[in-house]
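What the coordinates show
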There are 4 protein chains.
Amino acid sequence: MAMVCLSDFEAYAKKYLPKIAWDYFAAGADDCTTRDENILAYKRIRFRPRMLRDVSVMDIRTKILGTEISFPVGIAPTGFHQLAWPDGEKSTARAARAMNTCYIASTYSTCTLEEICAAAPGGLRWFQLYIHRNRAASQQLVQRAEGLGFQALVLTADLPYTGKRRDDVRNGFRLPPHMKVKNLEQAFEVCKMSLLDPSVTWNDIHWLRSLTRLPIIIKGILTREDAELAVRYGVQGIIVSNHGGRQLDEGPATIDALVEVVEAVRGRVEVYVDGGIRKGSDVLKALALGAKCVFIGRPALWGLAYKGEEGLQDVLRILQDEFRLSMALAGCARVSEIGQHLVQFSKL
Amino acid sequence: MAMVCLSDFEAYAKKYLPKIAWDYFAAGADDCTTRDENILAYKRIRFRPRMLRDVSVMDIRTKILGTEISFPVGIAPTGFHQLAWPDGEKSTARAARAMNTCYIASTYSTCTLEEICAAAPGGLRWFQLYIHRNRAASQQLVQRAEGLGFQALVLTADLPYTGKRRDDVRNGFRLPPHMKVKNLEQAFEVCKMSLLDPSVTWNDIHWLRSLTRLPIIIKGILTREDAELAVRYGVQGIIVSNHGGRQLDEGPATIDALVEVVEAVRGRVEVYVDGGIRKGSDVLKALALGAKCVFIGRPALWGLAYKGEEGLQDVLRILQDEFRLSMALAGCARVSEIGQHLVQFSKL
Amino acid sequence: MAMVCLSDFEAYAKKYLPKIAWDYFAAGADDCTTRDENILAYKRIRFRPRMLRDVSVMDIRTKILGTEISFPVGIAPTGFHQLAWPDGEKSTARAARAMNTCYIASTYSTCTLEEICAAAPGGLRWFQLYIHRNRAASQQLVQRAEGLGFQALVLTADLPYTGKRRDDVRNGFRLPPHMKVKNLEQAFEVCKMSLLDPSVTWNDIHWLRSLTRLPIIIKGILTREDAELAVRYGVQGIIVSNHGGRQLDEGPATIDALVEVVEAVRGRVEVYVDGGIRKGSDVLKALALGAKCVFIGRPALWGLAYKGEEGLQDVLRILQDEFRLSMALAGCARVSEIGQHLVQFSKL
Amino acid sequence: MAMVCLSDFEAYAKKYLPKIAWDYFAAGADDCTTRDENILAYKRIRFRPRMLRDVSVMDIRTKILGTEISFPVGIAPTGFHQLAWPDGEKSTARAARAMNTCYIASTYSTCTLEEICAAAPGGLRWFQLYIHRNRAASQQLVQRAEGLGFQALVLTADLPYTGKRRDDVRNGFRLPPHMKVKNLEQAFEVCKMSLLDPSVTWNDIHWLRSLTRLPIIIKGILTREDAELAVRYGVQGIIVSNHGGRQLDEGPATIDALVEVVEAVRGRVEVYVDGGIRKGSDVLKALALGAKCVFIGRPALWGLAYKGEEGLQDVLRILQDEFRLSMALAGCARVSEIGQHLVQFSKL
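Residues numbered from 1 in each chain as written. Chains lettered and ligands numbered in written order. Predicted model: local features only at pLDDT ≥ 70, side-chain atom pairs only at ≥ 80, totals over all residues. Heavy atoms only, no water.

Named according to an unreviewed UniProt entry, chain A is (S)-2-hydroxy-acid oxidase originating from Ptilonorhynchus violaceus. Chain A has a UniProt comment under Cofactor (unreviewed entry) that states "FMN". Quoted verbatim from the Sequence similarities (unreviewed entry) heading of the UniProt record, the comment on chain A is "Belongs to the FMN-dependent alpha-hydroxy acid dehydrogenase family." (UniProt positions renumbered as here; feature names shortened; annotations may be inferred.)

So, the overall build of chain A
For chain A, the helix and strand inventory stands at twelve helices and twelve strands. A globule of 348 residues ought to have a C-alpha radius of gyration of about 20 Å, and chain A, at 19 Å, matches this closely. Based on the C-alpha atoms only, the size of chain A along its principal axes is roughly 60 × 50 × 40 Å. Within chain A, the fraction of its 348 residues that count as buried is 66%. Within chain A, residue pairs in contact and separated by at least 24 positions form 74% of the contacts whose partners lie at least 6 positions apart. Of the roughly 11800 Å² that chain A leaves accessible, carbon and sulfur atoms contribute 51%. (Helix = DSSP H or I, 4+ residues; strand = E, 2+ residues; numbered from the N terminus. Rg over C-alpha atoms; globule rule 2.2 N^0.38 Å. Buried < 20%, exposed > 50% of the residue type's maximum accessible area, 1.4 Å probe, protein only. Contact = heavy atoms within 4.5 Å. Areas by Shrake-Rupley, 256 points an atom, 1.4 Å probe, with all protein chains shown as cover.)

A word on the interface of chain A and chain D
Interface size is commonly expressed as the accessible area that is lost once the parts come together. Residue-level contacts link 31 residues of chain A with 38 residues of chain D. In this assembly, chain A packs against chain D so that about 3000 Å² is buried in total across both faces, 58% of it on carbon and sulfur atoms. Counting the surface chain A buries against chain D, the share from its top three residues, Met51, Leu52 and Leu329 of chain A, is 25%. Summed over the shared surface of chain A and chain D, the result is twelve salt bridges. Taken together, chain A and chain D are joined by 17 residue pairs in polar contact (both at pLDDT 80 or more). (Buried area = accessible area lost by both parts, 1.4 Å probe. Salt bridge = Lys/Arg side-chain N within 4 Å of Asp/Glu carboxyl O. Polar contact = N/O pair within 3.5 Å; in protein donor to acceptor, adjacent residues only side chain to side chain.)

Some remarks on the environment of Glu228 of chain A
Residue and element names in this part refer to chain A. Position of Glu228 among the secondary structure elements: in helix α9 (residues 224-232). Separated by 77 residues in the primary sequence, Glu228 and Gln151 have C-alpha atoms spaced 24 Å apart. Filtering out sequence-adjacent residues up to four positions away, Glu228 remains in contact with Ala264, Arg266 and Arg268.

A closer look at the relation of the copies chain A and chain D
The operation linking the two copies of the chain is a rotation about an axis combined with a translation along the axis. Placing chain A over chain D gives an RMSD of 0.0 Å and needs a rotation angle of 90°, together with 0.1 Å of translation along the axis. The transformation just described matches what one would write down for a four-fold rotation axis. A low fraction, 3%, of the interface residues of chain A reappear at the interface in chain D, so the copies pair through non-equivalent surfaces. (Least-squares fit on C-alpha atoms with pLDDT ≥ 70 in both.)

Regarding the relation of the copies chain B and chain A
Of the two same-sequence chains, chain B is brought onto chain A (RMSD 0.0 Å, axial shift 0.0 Å) by a rotation of 90°. A share of only 3% of the interface residues of chain B reappears at the interface of chain A, consistent with the copies meeting through non-equivalent patches.

Quick word on the pairing of strand β6 (residues 125-129) of chain C
All names here are of chain C. The element β6 is extensively covered by neighbouring structure, given that five of its five residues are classed as buried. As paired elements, strand β5 (residues 103-105) and β6 share three bridges and run parallel to each other. Counterpart to Ile104 in the pairing with β6 is Trp126. Remark: the β6/helix α6 (residues 135-147)/strand β7 (residues 153-156) crossover connection has right-handed handedness. (Pairing = 2+ DSSP bridges. Right-handed = clockwise from strand over helix to strand, strands pointing away.)

Thoughts on the interface of chain B and chain A
Counting residues at the interface gives 31 residues for chain B and 38 residues for chain A. Here chain B meets chain A over a buried area of about 3000 Å², counting both sides, of which 58% is carbon and sulfur. By the criterion of area lost to chain A, the three top residues of chain B are Met51, Leu52 and Leu329 of chain B, representing 25% of everything that side buries. Here chain B is connected to chain A by twelve salt bridges. Salt-bridge contacts for Lys43 of chain B lead to Asp31 of chain A; the nearest nitrogen and oxygen are separated by 2.9 Å. Scanning the region where chain B abuts chain A turns up 17 residue pairs in polar contact (both at pLDDT 80 or more). Those elements that provide at least two residues to the side of chain B that touches chain A are α1 (6-16), α3 (33-43), β1 (45-47), α11 (280-288) and α12 (298-330) of chain B. Looking at which element gives the most residues to the side of chain B that touches chain A, the answer is α12 of chain B, with seven residues. Among the residues making up the side of chain B that touches chain A, the classes are represented as 17 nonpolar, three polar and eleven charged. (Nonpolar A, V, L, I, M, F, W, Y, C, P; charged D, E, K, R; others polar.)

Here it is as structure tokens:
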């Protein structure tokens, strides 16, 4: 079976992963409407491609928070990579470094931050965190990440409680005994997320800021109102995200919310987006609508499931090739030439 | 089979109820367009969830007509509960009381009002009625209900004649011989509803008012014009309803009509809605659009069909948990924080 | 099998008619888009039903060109009724008279006008005609119809050539040898319609007017421009029609075109509509949008195919009952109460 | 099997062509969204047909760049006709001449330009070209075409690189060894198109102009901005095209882009369109929206696959008959009567 596009990796993962793992990765909240809308919303955006522009020399590099990456696609934070591949997040880290892009490691990794860093020294990595009821635990994690060279903190804002993912409930999902959420000392019921603090508010950004010199990026913003607050509270970046449709079902598709957020932010901080990216041209659309970079979640897991770090590199390379090609066919030779003039929303 | 969401109860009921009973409960008028639209219309509404608001202490209680209920979901009036479960409306009453919510008992119950009240003393109950050709019969019912402690009258306005439900015609639907519409003395052909008075007009609200001190709620309003009339004729509440799509097919979905009715009413009376509620987030949408409370019809019957009062409690508990979770994920800790800013209508 | 709604008759006809006859009746031009749109367009119209109006005494009678009919549904002109039932148009005439409504007999009948009239003396009938290259033949037909007591002429305007109905081409459709287009003396190739005159223009209305004192109704108008011309050229009525989707594919659905035509006509002549009527509530929608009466084509043929005149009466009676019920459920007791306030176009 | 409409030829070709050839012809880029949209977009356009206009004498001829053709449908440039029929482009040329219409021969023909011309002397032909890295090769081709009597040059602008057609990648598509891209001397990897120059810009139109006295038509324009540039750089015609959906997926359907281009061009040069034409009425729609002529790609290949030049003539004859009939049914007797008043965009 030739691996030609990301759906090929999806089909592979669906076929070869244990059902409980596939279901966990695939899960959306409730009816999975938002999970699927993330993809469908891209299809409602049409390109307005321009012709006869010199695209003989293509430059698809970009910078996020000042650091250059090989193309505007990073790895979104997702949990439990060992469910996809024995080496887990170590493979993810290696693939991201090999492709010279950014990997956002999740708090819910099945490898420690130290293992991740040791696996791919020098790679560009950000650390995703929740704020726990036990603030000392959060503080410790932040300082550990900073000490290990992670270059930004990504605070997930959309999980005061875990969304209702029906298949996980049916399957009674829990990690197999030999896997652990190694970054957190205490054993605890992962699916209940009982350590997370649902009383977190914007003021906690100030607290987080007091702990670290790292830039703070907030993940899970979907409205102009919250985007405005994020800027006001001093974050360095926003990831427009609905947690892959795993939290509140029937919120907006992220590419639709991106437009609203970008408009509100007016360039004051960088805006990124995740959710629904399946083709290089989706990346082009997101950039045309104002994203500085996109992050992929499930496709990265499919790549891992296929062949570990090699499989993830395959996924990234396909996206890279497709992105470069779609840029060229739309008439852009450099990322800086991408703009809103390239797209329009379909009336349908 | 785990009962995770309301569709699980639907599947169970479809599988285990006698076809004639399932068909009767499931029936919509004509092509069932409105029945199905009630559900689809919810899917066209998108949340605008807000992040980082303290949702550690959730309070989902509300009041209807001044009485507190544990969450804004009551039981809509539906007929013939013994078709779903041997104890019929007695089980419904018990489940509603156990969950501390409101049960609107139907005139077409297979238990008497007295049996219903005896089964769950002290429960919050409203009584649904039609106006019969024989006004004395209606008067007697009203006074009986008032005497038994029902706390409001719900006048159904959308059934001057019974809608055409094709499957019921094909099945020649009628109650099995051992069941009776016990609240009405005379035996009569239920499906012809020949005792109902199609000459009823708004002036009959005055007549009804003269019989009782109970608040009067009108059920079946779908337009701003009728909402305005309802207020003018002095009702205390409006249930936006299309009778579960069982009367005039191709009228509006109730959640769409709700917007128009709420706008017309301008807070002068409470507005409720039924039809199409299948998830806790549907409740949140209805409240965001101005409903004070929603009522569930078919899902309650599925719960009964599953395990009587226990099954109905399961259904209510699932809705309650889902409602609480969706509120939290949308950034609301109290019902009073829910507002129109939480939703937008999808362009699709 | 209970015959509960018109689709039941359709299913019967599809099952029991010879394929070539079914295909001929069912055929639409090209991709059958317009044929199907005629039906779908009704589904995009939503009622705004009004409650608590006295609907105890229902009066569904109306008048067309001054003559009373029992309800606003007549029989549209369709050809070759013997393909559906041995007695052909004689049965159609009897059923229409029995139901006290109007039957528009087609030039392409398999019974003569004389046979039709003899079968149901005193019935309300209009005569549908094309203008032939041989004008004397047309003149003779007109005068024959007038002499036989037909009360109006219906000139079909949308068939300068026959539309391309793929199945008829594949089947090599032609009348079986024992059937004849009896109203036309010469034998000729029916499907080529080679006798029809594609040079007919609005001026021929004057010519037709000069032949007869009968009112002239023009059938096949779909635009405001042509509606304006029809009024200017002195017709007494307009049938908004796209020939059941059998002529130009991808023109408008008739119920959509009705709105435009009614607006242009401003009450100066009566406007009717055919195409896509499948339920009594469709009739209500058409009247709400300004039609004085609707005409049914294929459903009448399904009725004939089921049981001849009896089957057609069944079809008409079902439509009548459904129309009366939908009027009552929408809050109208008389046809004169039906108006545009009853409907709105769905945004979908 | 009767060949009644173009889909019949499609079905035949799909059944009888080798899979690799069918896949190559059918291929769209990525998800094939644009390929399919080309067809769907036509279905969203509705006719506003006019009645009672004299359509007894139909004249469907038109002129492109001053030369009369029998009807406004030509053959779009597509590659590798020998994959469809042994005689390849020679058959195409013969069929086009027989039907008195224009054939745009592709650079990627499997016959030489000389063979094509010898097969059908005197036929109206344009030559499609890319600009190669080796400009001398391009110059030679242009001058060869001019010398052979081709009457225009069609410069394809939308292929700086080849689009990603997944099936071709999976199939490892390449020409069978006995076929050659005969117009180009060197053997090369067809699918990599490595000889094409992605640095081409609008200034190269001047260079091309300097080589030849032939009119230059630019193919692949989809936006008003590029249409304006095309006029400014002095082309004689524009073909609105998205390469049959084979280049940038999720660009606009060509019939939608046509409206924008026609508006920008304001009659200064002729505008044509290809992509999605499947019925005569599609041609009528394109002309109503301002195209001077349409070109067919895949349907021509299906015709070849069916029966070589005879099959292609069948395809053209069907389109011709359908176009004539739809014109007549819409009320137009001459191409000059076709205008925007004939169509409207569906709200759906």
